[in-house]
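# Inside the fold
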Amino acid sequence: MSTTETRQSLPVGTWNVDPVHSTVGFAVNYIVGTFNGSFSPVDAKLEVGEDGESLTGSAPVAGVKVQDENLSAHLQSPEFFDAERAPEIKFASTDIRRSGDEIAIDGNLTIKGITLPVELQGTVTEPADDPFGGVRFALKLETAIDRTSFGLKWNNPLPNGKPSLANEVKLSADLYLVKA
């Protein structure tokens, strides 16, 4: 997003996530490919008013979804997310910038009790009336983090000595927001 472009705001009001149509996921390189997972349910709220804009969101660690039940349990263990001590992943924005259909959101991401700044980049749609009498719009966001900065340090060395799991994790969120 260019800093010379005119700053536009998001639609005014309180907007709640539509959990049925929204997804939050992650992707990380593992051995020879990409391992994908998601979190469900997710909660998010966008508030836009004269005072400014704020986006907050959370997902329970117990809601991590992967294709293997044993791996799901491992991801909730202290070697990864430590669901017992840190049961929730949280995000709170500190700045939101929009230019046309592009959006950048700075904020603080908390994983495993560690809070670090991140920048989400993505797109925003214009509000639309839905068939149920509501109004909604969408945010499609992504960022990359170093998982070890959040205390997720587990790895398993390959026979060649290289790690099996990459440190960089791509996070994505497709949020359908419905006017409260």
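Residues numbered from 1 in each chain as written. Predicted model: local features only at pLDDT ≥ 70, side-chain atom pairs only at ≥ 80, totals over all residues. Heavy atoms only, no water.

### A short note on the pattern of salt bridges
Any two side chains of opposite charge can pair, given that their charged atoms come close. Applying the stated rule across the entire model yields 9 salt bridges. Notably, a salt bridge pairs aspartate 82 with arginine 85, separated by 3.7 Å at the nearest N-O pair. By relative accessible area, which is 8% here, aspartate 82 ends up buried. A residue is classified by how much of its surface remains accessible, and arginine 85, at 70% relative accessible area, is exposed. The partner of lysine 140 in a salt bridge is aspartate 174, and the shortest N-O contact between them spans 3.5 Å. Of this pair, lysine 140 sits in strand S11 (residues 135–146) while aspartate 174 sits in strand S12 (residues 165–179); the two residues are 34 residues apart in sequence, bridging distant segments of the chain. On the accessibility criterion, lysine 140 (48% relative accessible area) is partly exposed. With relative accessibility at 27%, the residue aspartate 174 sits in the partly exposed group. What emerges from the salt-bridge pattern is a single network uniting Asp95, Arg97, Asp106 and Glu119. (Salt bridge = Lys/Arg side-chain N within 4 Å of Asp/Glu carboxyl O. Buried < 20%, exposed > 50% of the residue type's maximum accessible area, 1.4 Å probe, protein only. Helix = DSSP H or I, 4+ residues; strand = E, 2+ residues; numbered from the N terminus.)

### A look at the packing of aromatic side chains
Under the defined criterion, the tally for this structure stands at 5 aromatic pairs. Considering the side-chain rings of tryptophan 15 and phenylalanine 137, the 4.8 Å spacing of their centres and the 85° angle between planes classify their relative orientation as edge-to-face. Here tryptophan 15 is found in strand S1 (residues 13–17), whereas its partner phenylalanine 137 is found in strand S11, with 122 residues between them in sequence. In this structure, tryptophan 15 and phenylalanine 137 share a single accessibility class: buried. Pairing phenylalanine 26 with phenylalanine 39 gives two aromatic rings, centres 5.7 Å apart and planes at 50°, and the pair type is tilted. Placement of the pair is phenylalanine 26 in strand S2 (residues 23–30) and phenylalanine 39 in strand S3 (residues 33–39), with a sequence separation of 13 residues. (Phe/Tyr/Trp six-rings, centres within 6.5 Å; stacked < 30°, edge-to-face > 60°.)

### Notes on the pairing of S11
Direction of pairing for strand S9 (residues 114–124) relative to S11: antiparallel, over a ladder of 4 bridges. Of the residues in S11, the one forming a bridge with valine 124 is leucine 139. What sits between the antiparallel neighbours strand S10 (residues 128–129) and S11 is a turn of 5 residues, in which glycine 133 has the positive phi angle 85°. Strand direction decides the pairing type here: S11 and S12, joined by 11 bridges, are antiparallel. The residue of S12 that forms the bridge with lysine 140 is aspartate 174. (Pairing = 2+ DSSP bridges.)

### Structural notes on the environment of alanine 144
Summarising the element assignment, alanine 144 is placed in strand S11. By relative accessible area, alanine 144 is classed as partly exposed at 42%. Considering only alpha carbons, one finds alanine 144 and leucine 171, 27 residues apart in sequence, at a separation of 5.9 Å.

### What about the pairing of strand S7 (residues 88–99)?
With 5 bridges connecting them, strand S5 (residues 52–60) and S7 associate as antiparallel partners. Following the sheet pairing, glycine 57 is matched in S7 by phenylalanine 91. Here 9 bridges tie S7 to strand S8 (residues 102–111), and the two strands are oriented antiparallel to one another. Considered in S8, the bridge of arginine 98 is made with isoleucine 103. Connecting S7 to the next strand, S8, in antiparallel fashion are 2 residues, including glycine 100 with a positive phi near 65°.

By themselves these figures say nothing about function.
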